[in-house]
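Listed here are the chains, written in short residue letters.
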Amino acid sequence: MRENTACIMNFGCQMNEYESLTVTKMLDKAGYELISSVDQAELVIFNTCTVRDNADEKIWNRLSSLVPQKRKNKSKKIGIMGCMVEAQREVFLQKHPEIDFLISPVELPQISKVLRDLTARSYEEYSTYELMLDEKAKFPFRTYMPIQTGCNFNCSYCIVPAVKGREVNISPDEIFEKLDSLVSKGVKEITLLGQTINSYTYEDIKFADLLEMTAQRYEGVWIRFLTSHPILFDERIIDVVAKYDNLCSYFHIPSQSGNSRILKAMKRGYTREKYLGLIAKMREIEDVCISTDMICGFPSETEEEFEDSLSMMREIGYETAFMFYYSERKDTPAGKMEDSIPVSVRKDRLARMIDQQLSMQGEVYKKFIGKTYKVLVENNARKGENTLKARNAGNLPVIFEGDKSLIGTFVNVRIDSVTSHTLLGSLQG
Ligand code: SAH
Ligand code: SF4
């Protein structure tokens, strides 16, 4: 173990990534050297996720090898933050009473005090932190900006409302205060975050208004947003995205299933037809990219109902899909449903869905060949070579030859060919 070192290991969604970066910055300022080895670090923090059971499993495995190290070395400290703490605080206390602190998402603002008591160092208040925008950050030119926390929906499979609490929207003043400072430091891309971001409302400002205000205020900076919910989707959002060049033409709008009976059992609040109508309107934007999350093997899902998901995915031709097999979460309505599908069938359906999506993606991407797109360069694609990786407005990876001095800048790339995951192109002068 090395003294004065800290390591934060992140699991889960972009919101967790944002929170981990914020805590990383606090630790940096408190004098810790940030390292990536949980074995070597004096202070280890796991930022946990509990949306699906494989995330839980990873954390229990890590802890069972890490906690015994505390017996050998008393100065090693281990803390847990994130959604698993809210859902399973008692289990942590029983399994690993040696853990130094547990902080749930709603308790997060107290982390400065908890760390101060534990390590006898001083920490700035959590809420005042900006993201790490220096050479230590992976992509210092890109930032997440939570504008909404919690969720007011009640999808029957989902643990999020129970662990994150009710929806809270942040005021435009507070959002712009943070973003002004980040943009002045050179941020080129902002991703606004919320579980159902299109439901954002602050006084009389709706999400479409906030998007328009953001686009006008940060001309030349790319703006993305995640995650859209298909109900309460104000079509003005599509019009605003079409109107402003710096609003990326990309929608992450999970359908979860392509069958209306399953959607009802999931309490999603829309039908297949309604969802398809919304997607058709989005497709009116030239070269728009659309992505989804899908769940396979929800309780009582028949083979035919699963095939409805496959057919809907073919019909839409999603540019990207995040696919999961259903995982029971205790304390959710679906977790108590009786007609569960065997895990082997869920996994088999997931494998078929992934196969279909990957074999389709290459075909879907062919429409981009021959066109030139503005992209934001992320990093070297392969070590030691003159190959760069960038993303286009649709959030798709674009690979091309170029010098690493272009990292963090916008360039134009013509797409020459595609694979099932990537667009391959050449730099344009
Ligand atoms: N707020 C977002 C989703 C947040 S959770 C929305 O409504 O779309 C991220 C994704 O995890 C979900 O879209 C869903 O596909 C998946 N997920 C959530 N709970 C799950 C469960 N119990 N089993 C499997 N996948 C789940
Ligand atoms: Fe979960 Fe549904 Fe809320 Fe998304 S909208 S976080 S899936 S309850």
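Here, the structure is the one placed above.
All residue numbers refer to positions counted from 1 along the written sequence of the respective chain. Written order determines the labels here, with chains lettered from A and ligands numbered from 1. With pLDDT at 70 or above as the cut-off, local features in this predicted model cover only qualifying residues; side-chain atom pairs require 80 or more to be listed or tallied, and sums for whole chains, interfaces and linings still use all residues. Note that water and hydrogens are dropped before the side-chain values are worked out from all heavy atoms of the structure.

Peer 1: Looking at this model, I keep getting lost on the overall build of the protein chain. Mind explaining?
Peer 2: Elements are defined by DSSP. Helices are runs of H or I of four residues or more, strands are runs of E of two residues or more, and each kind is numbered from the N terminus. Along its length, the protein chain carries 13 helices and 20 strands. Across its three principal axes, the protein chain shows a C-alpha extent of roughly 60 × 60 × 50 Å. Counting the 429 residues in the protein chain, one finds 54% classified as buried. Whether two residues are in contact is decided by their heavy atoms, any of which lying within 4.5 Å being enough. Residue pairs in contact within the protein chain that sit at least 24 positions apart in sequence constitute 72% of those at least 6 positions apart. Surface exposure of the protein chain reaches about 19,100 Å², of which carbon and sulfur atoms provide 49%. Neither His nor the chain ends contribute to the count of charged residues, in which Lys and Arg are positive and Asp and Glu negative. For charged residues, the charge sits on one atom: NZ in Lys, CZ in Arg, CG in Asp, CD in Glu. Side-chain charges in the protein chain split into 56 positive and 61 negative, and the spacing between the mean points of these groups amounts to 4 Å. The buried label goes to any residue with under 20% of its type's maximum accessible area, the exposed label to any with over 50%, and the partly exposed label to all in between, with areas taken from a 1.4 Å probe on protein chains only. Residue-level accessible areas treat just the shown protein chains as cover; the underlying method is Shrake-Rupley with a 1.4 Å probe.

Peer 1: Looking at this structure, how should I read the pairing of strand E20 (residues 423-428)?
Peer 2: Within a regular beta strand, the side chains point alternately toward one face of the sheet and then the other, so they alternate between its two faces. The criterion for strand pairing is that DSSP finds at least two bridges linking the strands in question. As paired elements, strand E18 (residues 397-401) and E20 share 2 bridges and run parallel to each other. Bridge pairing links Ile399 to Leu424 in E20. Across 6 bridges, strand E19 (residues 410-418) lies against E20 in antiparallel orientation. Its bridge partner lying in E20, Arg414 is registered against Ser426. Taken together, E19 and the strand that follows it, E20, pair antiparallel across an intervening segment of 4 residues.

Peer 1: Explain the site of ligand 2 to me, please; I cannot follow it from the model alone.
Peer 2: Residues are counted as near a molecule or strand when any one of their heavy atoms sits within 4 Å of it. Neighbouring ligand 2 are Cys151, Phe153, Cys155, Tyr157, Cys158, Val160, Pro161, Gln195, Thr196, His229 and Arg268. Classes in brief: Ala, Val, Leu, Ile, Met, Phe, Trp, Tyr, Cys and Pro nonpolar; Asp, Glu, Lys and Arg charged; the others, Gly included, polar. Tallied by class, the residues present in the shell around ligand 2 amount to 7 nonpolar, 3 polar and 1 charged.

Peer 1: I would appreciate a short explanation of the packing of aromatic side chains in the present structure.
Peer 2: To describe a pair of aromatic rings, one takes the distance between the centres and the angle between the planes. Centres within 6.5 Å are what make two rings of Phe, Tyr or Trp a pair, Trp counting through its six-membered ring; a difference in plane orientation under 30 degrees is then read as stacked, over 60 as edge-to-face, and the rest as tilted. Scanning all chains against the criterion turns up 13 aromatic pairs. Ring geometry for Phe225 versus Phe251: centroids 5.9 Å apart, planes at 80°, classification edge-to-face. Highlighted residues: Phe225 in strand E12 (residues 222-226) and Phe251 in strand E13 (residues 250-252), separated in sequence by 26 residues. In this structure Phe225 comes out as buried when scored by relative accessible area, which is 2%. Judged by relative accessible area, Phe251 falls into the buried class, the value being 0%. A connected cluster of aromatic rings, assembled from ring pairs, spans Phe207, Phe225, Phe233 and Phe251. Over the aromatic face of Trp60 sits the side chain of Lys95, whose NZ or CZ is 4.2 Å from the ring centroid. A ring is considered to have a charge above it if a Lys NZ or an Arg CZ atom is located within 6 Å of its centre and within 35 degrees of its normal.

Peer 1: Help me understand helix H11 (residues 272-282) in this model?
Peer 2: Note: α-helices contain 3.6 residues per turn, so residues at a spacing of three or four share the same orientation. Every buried residue of H11 is listed here: Arg272, Tyr275, Leu276, Leu278, Ile279 and Met282. Angular distribution of buried residues about the axis of H11 spans 160°; they occupy a single face of the element. Summarising the geometry of H11, the exposed residues directed more than 90 degrees from the buried face are Glu273 and Lys274. In this fold, the buried residues of H11 make contact with helix H9 (236-243), E13, helix H10 (260-265), strand E14 (289-296) and helix H12 (303-316). Comment: arc refers to directions from the helix axis out to C-beta atoms.

Peer 1: Explain the sheet that holds strand E16 (residues 372-380) here, please?
Peer 2: Strand order in this closed barrel of 5 strands is E16-E17-E18-E20-E19, and the pairing throughout is mixed. Between one strand axis and the next, the sheet turns through 50° on average, direction left out of account. Axis geometry follows a simple rule: fit a line to the C-alpha atoms, using only the stretch in contact for helices, then measure angles between N-to-C directions, giving values from 0 to 180 degrees.

Peer 1: Which parts of the structure should I look at to understand the pattern of salt bridges?
Peer 2: Pairing is possible between side chains of opposite charge, provided their charged atoms come close. Salt bridges are identified by distance alone: a Lys or Arg side-chain nitrogen within 4 Å of an Asp or Glu carboxyl oxygen. Tallying each qualifying case throughout the model produces 30 salt bridges. For the salt bridge of Glu33 with Arg2, the shortest nitrogen-to-oxygen distance reads 2.8 Å. Taken together, the residues Glu33 in strand E2 (residues 33-34) and Arg2 in the segment before strand E1 (5-10) connect sequence positions 31 residues apart. Sharing partners across several salt bridges, the network here consists of Arg142, Glu189, Arg224, Glu378, Lys389 and Arg391.

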